[in-house]
Amino acid sequence: MQENKLKMDQNNKDNFSVPDMESGGKTQIALINVTKIFQDFTAVNDLTFEIKKGEFFSLLGPSGCGKTTTLRIIAGLENPTAGKILLDGKDVTNIPAYRRNVNTVFQDYAIFPHMNVWDNIYFPLKMKRISRKDAGLRIERVLKLVNMSDYSKRFSHQLSGGQRQRIALARALVNEPEALLLDEPLGALDFKLRIAMQTVLKDIQKDLGITFVYVTHDQTEAITMSDRIAVMRQGVVDQIGTPDEIYNLPATPFVASFIGEMNFIDGVVVDELAEKLKVKIGDFLIICNKNEYNLHKDDEILISVRPEKVFIKPSFSLTNEIKARLSRIVFRGDNYQITTTFNSSELSSVIAAKNLDMTLNLNELVTVSWNAEDARVFPIELKRNIIKYK
Amino acid sequence: MKKEKVIKQTLFEQKPRSFILGVPISIWLVLIVLVPVVLMFIMSFKQKSGYEIVNIFTFANYLEFFKNETYWRLMLKSFRMAFIVSIVAIITGYPLAYFISRRLRRFRNLFYMLIITPLWVSYLVRIIAWRTILGNKGLLNLALLNLGITKEPLSIFLYNQVSVVITLTYIAIPFVFIPLYTALEKIPNNLIDAARDLGANEINTFINVVFPLSLPGLVTGFMLSFIIALGDYIIPAQLGGNTGIMYGNVVWAQFGGAFNWPFGSALGFILFFVAAIVLVIAQVFGSKEGIFAE
């Protein structure tokens, strides 16, 4: 990941020809050293990445991380303080929003309240001087696509949240944009409807083959829908990768803490082996795999390991084994969350309910173990970026 | 059974309470609005005899209005003037309200206050102020003389319809500005963003989104300005001279010098009904209230 980013930086410094990335597919949108400063607040800080044609690309991060600003910069609704935006290889940095061939689905849909559904969808065509007669077929088609054919005479206030969402989508798609930008489109919907709309969006994206740039703070949404995800923190991208990479090989403790559940343990490197590190955590010695952070003997480190990779009293042998006291058992429907304590550190593990075939007693001293390749190590300085939910 | 009881109880609890809440405003409405109007309405069917008002029921006052050309011609003229005033006030007030509500980031409240401060100054003082602007030795003439555009002071600015329309417009501008400002400020920014995103430049965004959404404010502003201008009699009396007389002056004369309260009341009610019709039409065609209600 890091290497790719560097390569891209060098290539883009002087000319606009953005090379295709390793997995093929043409670059649709490229951001090059984009910075946006509002008065004294840096919303986006020197951002460089590219989005491929036909890709479902998510910008994921907590509120205030700059993801919406990034989207608005791509749309042209915000001018970057520095940097360039390329659409299909053309520099569009100074081209206003109304002349860019990308369309946006806004967070609260922004349906024009004084126009009915039909006129709302006709609006972008009207701006292209297409007559009402010629627009009819296209509007019909796009209404059918979002399954709202019977609603063309309705006004915004006569529609439910999910229906408004579909109309906003239809309106953004009727112009056949090169890319569709979606700003937390499902944020205002309730849980079940959100799940249903996720499928609708994903299906439409697949059918039309249009690039989707999707802003969300919901990690589950990003992971289930995206081809690639950029995880943002305070105006910078911490990691770009497939959902699998983001989940299993988080580049920073921030990414590790933001996506899913994660255990963090402090430790000190006591010895370096060929591909491994020998690490002291509390009273125990464990083995960790080396990674791109190049940590050495005597470095203080942070170790991350997913709860589902931590086993209690396993019947099989794993790389690392420690003894910890069982302090909490929580039943969560299809699984149990079991918390163990050792040397004032906490470790939680998740065990599928159907797999819990042993008896566990509170305050019992148990064997807790995990494999070296399921843990990641980071320099201790990055610990401050861990997201803590209070 | 139990459920029914609960529903009945809550109904019982809510109904009297909401009724009680409405009592003060109802008393206020009846005493301050309805009673005086009804009294005047009754008055309009009475008859003046010498220096006394006789308690007989007659339509003579209303018939007099239609028989005598002067009155309905004056009414038409007043409508025309009030219409011009409202249109000019909107043409001046709209850009002002648009600029302050949608373009200005800092000092927005300051400008808003500056525009409505004249409302705190006495009506009469503001009218007299316009006399010092439009008069023979007024600011306007002084400026024209000093700029060498005219050789002698012009008397065309004062004591005619023009001076009345100018001053009425000045009075009406804050009343047009306030509802327009409110309507424009209420337009969500994301609608503007959406319009631009969907291919509309500044002008198209204004024509297709901003202007239609400001229509309720525009209609309210128009109505306020129209009512203020239509019924005014102080400005025509002070600045109108012979040609600038309006309907309000005639009504006023019936209650003053002519001492014909019944006829004055009848004239007042005719104006009231005609104005009401005009305003209802404006309301029906222009207003889309509750447009942002979701």
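Conventions used here
- Residues numbered from 1 in each chain as written.
- Chains lettered and ligands numbered in written order.
- Predicted model: local features only at pLDDT ≥ 70, side-chain atom pairs only at ≥ 80, totals over all residues.
- Heavy atoms only, no water.
- Helix = DSSP H or I, 4+ residues; strand = E, 2+ residues; numbered from the N terminus.
- Buried < 20%, exposed > 50% of the residue type's maximum accessible area, 1.4 Å probe, protein only.
- Contact = heavy atoms within 4.5 Å.
- Areas by Shrake-Rupley, 256 points an atom, 1.4 Å probe, with all protein chains shown as cover.
- Lys, Arg positive; Asp, Glu negative; His and termini not counted.
- Charge placed at Lys NZ, Arg CZ, Asp CG, Glu CD.
- Domains from an automatic or database assignment.
- Buried area = accessible area lost by both parts, 1.4 Å probe.
- Salt bridge = Lys/Arg side-chain N within 4 Å of Asp/Glu carboxyl O.
- Polar contact = N/O pair within 3.5 Å; in protein donor to acceptor, adjacent residues only side chain to side chain.
- Nonpolar A, V, L, I, M, F, W, Y, C, P; charged D, E, K, R; others polar.
- Expected span 1.5 Å × (residues − 1).
- Arc of directions from axis to C-beta.
- Pairing = 2+ DSSP bridges.
- Axes fitted to C-alpha atoms, helices over the stretch in contact; angles between N-to-C directions.
- Core = buried A, V, L, I, M, F, W, Y, C linked by side-chain atoms within 4.5 Å.
- Phe/Tyr/Trp six-rings, centres within 6.5 Å; stacked < 30°, edge-to-face > 60°.
- Lys NZ or Arg CZ within 6 Å of the ring centre and 35° of its normal.

Topic: the overall build of chain A
1) Next: Each helix and strand counted, chain A has nine helices and 20 strands in total.
2) Next: Once the C-alpha set of chain A is aligned to its principal axes, its extents read approximately 75 × 50 × 40 Å.
3) Next: The buried share among the 390 residues of chain A stands at 52%.
4) Next: A separation threshold of at least 6 residues defines the contact pool for chain A, and within that pool the share at least 24 residues apart is 65%.
5) Next: Just so you have it, chain A exposes about 18400 Å², and 48% of that area is on carbon and sulfur atoms.
6) Next: Taken as two groups, the 50 positive and 49 negative side-chain charges of chain A have centres that lie 6 Å from each other.

Some thoughts on the domain arrangement of chain A
All names here are of chain A.
1) Next: Domain boundaries in chain A define domain 1 (2-101 + 177-257) and domain 2 (261-384).
2) Next: Buried surface at the junction of domain 1 and domain 2, both sides included, amounts to about 860 Å², of which 55% is carbon and sulfur.
3) Next: Among the residues domain 1 hides against domain 2, the three largest losses belong to Tyr-247, Pro-253 and Ala-256. Together they make up 55% of the total.
4) Next: Between domain 1 and domain 2 we count zero salt bridges in total.
5) Next: Where domain 1 touches domain 2, the interface holds four residue pairs in polar contact (both at pLDDT 80 or more).
6) Next: Only helix H8 (243-248) and helix H9 (253-258) provide two or more residues apiece to the side of domain 1 that touches domain 2.
7) Next: The class makeup of the residues in the side of domain 1 that touches domain 2 is seven nonpolar, three polar and no charged.

Overview of helix H6 (residues 191-208) of chain A
Residue and element names in this part refer to chain A.
1) Next: Taking 1.5 Å of rise per residue, the 18 residues of H6 would be expected to cover 26 Å, and the 26 Å separating its terminal C-alpha atoms lies within 8% of that figure.
2) Next: Every buried residue belonging to H6 is among Met-197, Gln-198, Leu-201, Lys-202, Ile-204 and Gln-205, and all of these are buried. Along the axis of H6, the buried positions cluster into a sector of 160°, meaning they face one direction only. Relative to its buried face, H6 has exposed residues pointing more than 90 degrees away, namely Lys-192, Lys-206 and Asp-207.
3) Next: Contact partners of the buried residues in H6: strand S3 (56-60), helix H4 (132-145), helix H5 (161-173), strand S7 (179-183), strand S8 (211-216) and helix H7 (219-225).
4) Next: Backbone geometry just after H6 places Gly-209 at a positive phi near 70°.

Notes on the environment of Leu-191 of chain B
All names here are of chain B.
1) Next: Turning to its location among the elements, Leu-191 is positioned in helix H8 (residues 189-197).
2) Next: Residue Leu-191 is classed as buried on the basis of its relative accessible area of 3%.
3) Next: In this structure the C-alpha to C-alpha distance between Leu-191 and Asn-136, which are 55 residues apart in sequence, comes to 51 Å.

Regarding the interface of chain B and chain A
1) Next: With 20 residues of chain B at the interface, the matching set in chain A holds 27 residues.
2) Next: Applying the counting criterion to the chain B and chain A interface returns one salt bridge.
3) Next: For the interface between chain B and chain A, the tally reads seven residue pairs in polar contact (both at pLDDT 80 or more).
4) Next: Those elements giving two or more residues to the side of chain B that touches chain A turn out to be H8 and helix H9 (202-231) of chain B.
5) Next: If you tally residues by element for the side of chain B that touches chain A, the top one is H8 of chain B, at seven residues.
6) Next: Among the residues forming the side of chain B that touches chain A, the class breakdown is eleven nonpolar, five polar and four charged.

Overview of the sheet that holds strand S10 (residues 236-241) of chain A
By definition, the strands of a sheet pair up through backbone hydrogen bonds, in either a parallel or an antiparallel sense.
All names here are of chain A.
1) Next: With mixed pairing, the six strands of this open sheet are ordered in space as S6-S7-S8-S3-S9-S10. At either end of the open sheet lies a strand with only one pairing partner, and these are strand S6 (102-105) and S10. The sheet shows a mean angle of 20° between the axes of neighbouring strands, direction not considered.
2) Next: Two elements, S7 and S8, share five bridges in a ladder whose sense is parallel. Each bridged residue has a counterpart across the sheet, and for Leu-180 the counterpart in S8 is Phe-212.

Overview of H4 of chain A
All names here are of chain A.
1) Next: Under the 1.5 Å per step criterion, the end-to-end length of H4 is 20 Å for 14 residues, consistent within 8% with the ideal 20 Å.
2) Next: Among the residues of H4, Ala-135, Gly-136, Ile-139, Val-142 and Leu-143 are the ones counted as buried.
3) Next: Those residues of H4 hidden inside the fold are in contact with helix H3 (117-127) and H5.

What to know about the nonpolar core
1) Next: Within the largest apolar cluster, 104 residues are counted, with the highest numbers of intra-cluster contacts made by Phe-49, Phe-112 and Phe-123 of chain A.
2) Next: Excluding anything up to four places from it in sequence, Phe-112 of chain A contacts Asn-120, Phe-123 and Arg-171 of chain A together with Leu-191, Ala-194, Ala-195, Leu-198 and Val-209 of chain B.
3) Next: Ranked by size, the runner-up nonpolar core spans 35 residues in total, among them Val-117, Ala-172, Val-174 and Leu-182 of chain A.

So, the pairing of strand S4 (residues 82-87) of chain A
Residues and elements named next belong to chain A.
1) Next: Inspection of the sheet shows strand S1 (residues 27-38) paired to S4 by five bridges, in the antiparallel sense. Along S4, the bridge assignment pairs Ala-30 with Leu-86.
2) Next: Here S4 pairs with strand S5 (residues 90-91) via two bridges, running antiparallel. Bridge pairing in S5 links Leu-87 to Lys-90.
3) Next: Counting the residues between successive antiparallel strands, the hairpin from S4 to S5 contains two residues, one of them, Asp-88, with a positive phi of roughly 55°.

Details of the sheet that holds strand S19 (residues 365-370) of chain A
1) Next: Read across the open sheet, the five strands follow the order S15-S19-S16-S17-S18 (chain A); overall the sheet is antiparallel. Of all strands in the sheet, those with a lone pairing partner are strand S15 (311-312) and strand S18 (345-352) of chain A, marking the two edges.

Here we look at the packing of aromatic side chains
Any aromatic ring pair is given by two values, namely how distant the centres are and how the planes are angled relative to each other.
1) Next: Considering all chains together, one arrives at 36 aromatic pairs over all chains under this definition.
2) Next: Their ring planes at 70° and their centres at 6.0 Å tell us that Phe-284 of chain A and Phe-342 of chain A sit as a pair that is edge-to-face. Pair noted here: Phe-284 of chain A is in strand S13 (residues 284-289) and Phe-342 of chain A is in strand S17 (residues 335-342), with a separation of 58 residues, a long-range link.
3) Next: On the basis of an interplanar angle of 45° and a centroid distance of 6.1 Å, the ring pair of Phe-206 of chain B and Phe-211 of chain B is categorised as tilted.
4) Next: The class of Phe-211 of chain B is partly exposed, set by a relative accessible area of 32%.
5) Next: By the ring-pair criterion, three or more aromatic residues cluster together here, those being Phe-41, Phe-45, Phe-57, Phe-59, Tyr-62, Phe-269, Phe-272 and Phe-273 of chain B.
6) Next: Seen from the ring of Phe-112 of chain A, Arg-171 of chain A lies directly overhead, with NZ or CZ sitting 4.8 Å from the centre.
7) Next: Cation over ring: Arg-306 of chain A sits above Tyr-247 of chain A, and NZ or CZ is 4.0 Å from the ring centre.

Quick word on the pattern of salt bridges
1) Next: Tallying each qualifying case throughout the model produces 22 salt bridges over all chains.
2) Next: A salt bridge links Lys-290 of chain A to Glu-272 of chain A; the shortest N-O distance between them is 3.3 Å. On the criterion of sequence distance, the pair formed by Lys-290 of chain A in the loop between S13 and strand S14 (300-305) and Glu-272 of chain A in strand S11 (residues 263-272) is long-range, its members being 18 residues apart.
3) Next: Of the residues examined, Lys-290 of chain A reaches a relative accessible area of 33% and is grouped as partly exposed.
4) Next: It is possible to trace a salt-bridge network through shared partners that takes in Arg-72 and Glu-78 of chain A together with Asp-193 of chain B.

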